[in-house]
Amino acid sequence: MTENTTTHADLLNLVGAKRDTAAFESLFEHFAPRIKAFMMRRGVASEVADDVAQEAMVNVWRKAHLYDSAKSAPSTWIFTISRNAHIDLVRKLQRPELDPNDPALVPDAAPDAPTMIGAVQDADRVRNAMSHLPEEQREVLMLSFFEDKPHSEIATQLNLPLGTVKSRIRLAFTRMRTRLGDAQ
Amino acid sequence: MTIHHHPLDDLLLDYASGAQHQAWALCIASHLALCPACRARVSEMENLGGGFLDQIRPESMSNGALDHVLTRLDDLVPDNTAGPRTAPTHRADGPVLPEPLRSYVGGDAETLAWRRLGRGAYQYIVPLSEPGVTARLLRIPAGKPVPEHSHGGLELTLVLQGAFTDQTGEYGRGDLEEADAQLSHQPVAAPGVDCICLAVTDAPLRFSGLAARIVQPFLGI
């Protein structure tokens, strides 16, 4: 468990509970340049990437009281906010998302049932498991996240059949689940 | 309700990364509303996204970016629109259509203005902002087949009410079938209740059978 991720969770909780602007500034200094870099890797021009990073951090402020460190690591939570800001501002779409208060939603199993939901330690283990993947499997995962490409575009870029890209993704996750299961 | 047919990891990954077309994402998100196991898989994938964010080399923000953001914070109210569930709200007799699908079509299944498709079947086209992939609700009478058709591309079918059977198996509420260009399938709705499903495809449906091909242009399918 790295010290940084625990500290970021504390900062998020301070923003959520007390609207602590000093804590927010620390989060901004760490995450905004990374969100901007993430967007630029996705082909977004640097001025627009700067705007997306600012918008994402505004949403971090607005939603900090909803952050639950037992459910996700800070960087994971901020990744999802950044992803949604990209869809909203750059693709100009509404992202289809389930509603946690929907009566049709089938709820999670009991809280102590074994799941792979990431908390601070699990996020590190997931990243560690990924580092052990064969290069061609890690490559398709990175293209999915870094360059925001659906697997049809990845196939074109890597000059591979679509089926090969799909099976590499599936193999990658099977391998990671095996490794993470062994590490319990 | 036990789900046996789930989206494979490549579909879930496209959803988790944010790269997915809105029509496929609508189908995946609606399956996720019914499937805690797949929600857990998407969370694992979001952990990867968090890992990438941690490890990427940062790009400096523009001068004054922080100040600009700080001035915006004063006017903001906290966002409670997507809060955690405050109490168990799930009802077994709840809506047929889960969110987000229900909001995309503007109401539950019985409120929609279904269009006749022929042979007792009905459809409702889902309005989307992103072109190129179509999403439609289908309602097939119990025990009846959907006219045989094949696919030029990919089709996802999510069952919301009733069930259907084809040569790949039986699909009930929450089950998702992925069919590619090779599959010419003939789904038949199970007896008992109408089968309602969300069908998403990036190719025009080609209904084989002479009568169906004559009628097809008039039905806009």
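Read on for an overview of the structure. Remember, it's a predicted structure, so these values are computed and weren't measured experimentally.

Reading guide: rules and limits
- Residues numbered from 1 in each chain as written.
- Chains lettered and ligands numbered in written order.
- Predicted model: local features only at pLDDT ≥ 70, side-chain atom pairs only at ≥ 80, totals over all residues.
- Heavy atoms only, no water.
- Buried < 20%, exposed > 50% of the residue type's maximum accessible area, 1.4 Å probe, protein only.
- Helix = DSSP H or I, 4+ residues; strand = E, 2+ residues; numbered from the N terminus.
- Pairing = 2+ DSSP bridges.
- Contact = heavy atoms within 4.5 Å.
- Buried area = accessible area lost by both parts, 1.4 Å probe.
- Salt bridge = Lys/Arg side-chain N within 4 Å of Asp/Glu carboxyl O.
- Nonpolar A, V, L, I, M, F, W, Y, C, P; charged D, E, K, R; others polar.
- Core = buried A, V, L, I, M, F, W, Y, C linked by side-chain atoms within 4.5 Å.

1. As for the pairing of strand 11 (residues 195-201) of chain B
All names here are of chain B.
Turning to step 1, where the next piece is worked out: Of all the seven residues making up strand 11, seven are buried; the element is thus mostly covered by neighbouring parts of the structure.
Turning to step 2, where the next piece is worked out: Residues C195, C197, A199 and T201 point to one face of strand 11 and I196, L198 and V200 to the other, with burial holding for every one of them.
Turning to step 3, where the next piece is worked out: In terms of strand pairing, strand 3 (residues 134-140) meets strand 11 through seven bridges, oriented antiparallel. Bridge pairing in strand 11 links R136 to A199.

2. Here we look at unusual backbone geometry
Turning to step 1, where the next piece is worked out: Residue B:P100 is bonded to the preceding B:E99 through a cis peptide linkage, with omega at 5°.
Turning to step 2, where the next piece is worked out: Turning to its location among the elements, B:P100 is positioned in the loop between helix 4 (65-73) and helix 5 (101-105).
Turning to step 3, where the next piece is worked out: Even without being glycine, A:N159 reaches a positive phi, approximately 60°.
Turning to step 4, where the next piece is worked out: Turning to its location among the elements, A:N159 is positioned in the loop between helix 7 (151-158) and helix 8 (162-182).
Turning to step 5, where the next piece is worked out: Backbone geometry at B:R119 places phi at a positive 60°, although glycine is not the residue there.
Turning to step 6, where the next piece is worked out: Relative to the helices and strands, B:R119 is located in the loop between strand 1 (115-118) and strand 2 (121-125).
Turning to step 7, where the next piece is worked out: Residue classification places B:R119 among the exposed positions, given a relative accessible area of 62%.

3. Focus on the interface of chain B and chain A
Turning to step 1, where the next piece is worked out: Chain B puts 77 residues into the contact, and the matching count from chain A is 73 residues.
Turning to step 2, where the next piece is worked out: Counting each side, the surface lost to burial between chain B and chain A is near 7,100 Å², with a carbon and sulfur contribution of 61%.
Turning to step 3, where the next piece is worked out: For A:K166, the salt bridge is made with B:E178, and the minimal N-O distance between the two is 3.2 Å.
Turning to step 4, where the next piece is worked out: Those elements that provide at least two residues to the side of chain B that touches chain A are helix 1 (9-17), helix 2 (22-34), helix 3 (36-55), helix 4 and helix 5 of chain B.
Turning to step 5, where the next piece is worked out: Ranked by the residues each element gives to the side of chain B that touches chain A, the list is headed by helix 3 of chain B, at 17 residues.
Turning to step 6, where the next piece is worked out: A per-class count over the side of chain B that touches chain A returns 38 nonpolar, 20 polar and 19 charged.

4. Structural notes on the nonpolar core
Turning to step 1, where the next piece is worked out: Counting residues in hydrophobic clusters, the biggest one holds 98 residues, and the most contacted among them are B:L137 and B:L198.
Turning to step 2, where the next piece is worked out: Here the element with the most residues in this core is helix 2 (residues 21-41) of chain A; it accounts for ten residues.
Turning to step 3, where the next piece is worked out: Once residues lying within four places of it in the same chain are set aside, the contact partners of B:L137 are B:L97, B:L101, B:V105, B:L112, B:W114, B:Y122, B:Q123, B:Y124, B:V126, B:L160, B:C197 and B:L198.
Turning to step 4, where the next piece is worked out: In terms of nonpolar packing, the next biggest core, distinct from the first, is built from twelve residues, B:L138, B:F164, B:A189 and B:C195 among them.

5. Section: the sheet that holds strand 6 (residues 164-166) of chain B
All names here are of chain B.
Turning to step 1, where the next piece is worked out: Taken in spatial order, the three strands line up as 7-6-10 in an open sheet, and their pairing is antiparallel. Edge positions in the sheet fall to strand 7 (169-171) and strand 10 (188-189), since each has one partner strand and no second.
Turning to step 2, where the next piece is worked out: Examined bridge by bridge, strand 6 and strand 10 share two bridges and lie antiparallel to one another. Of the residues in strand 10, the one forming a bridge with F164 is A189.

These figures come from the coordinates and say nothing about function on their own.
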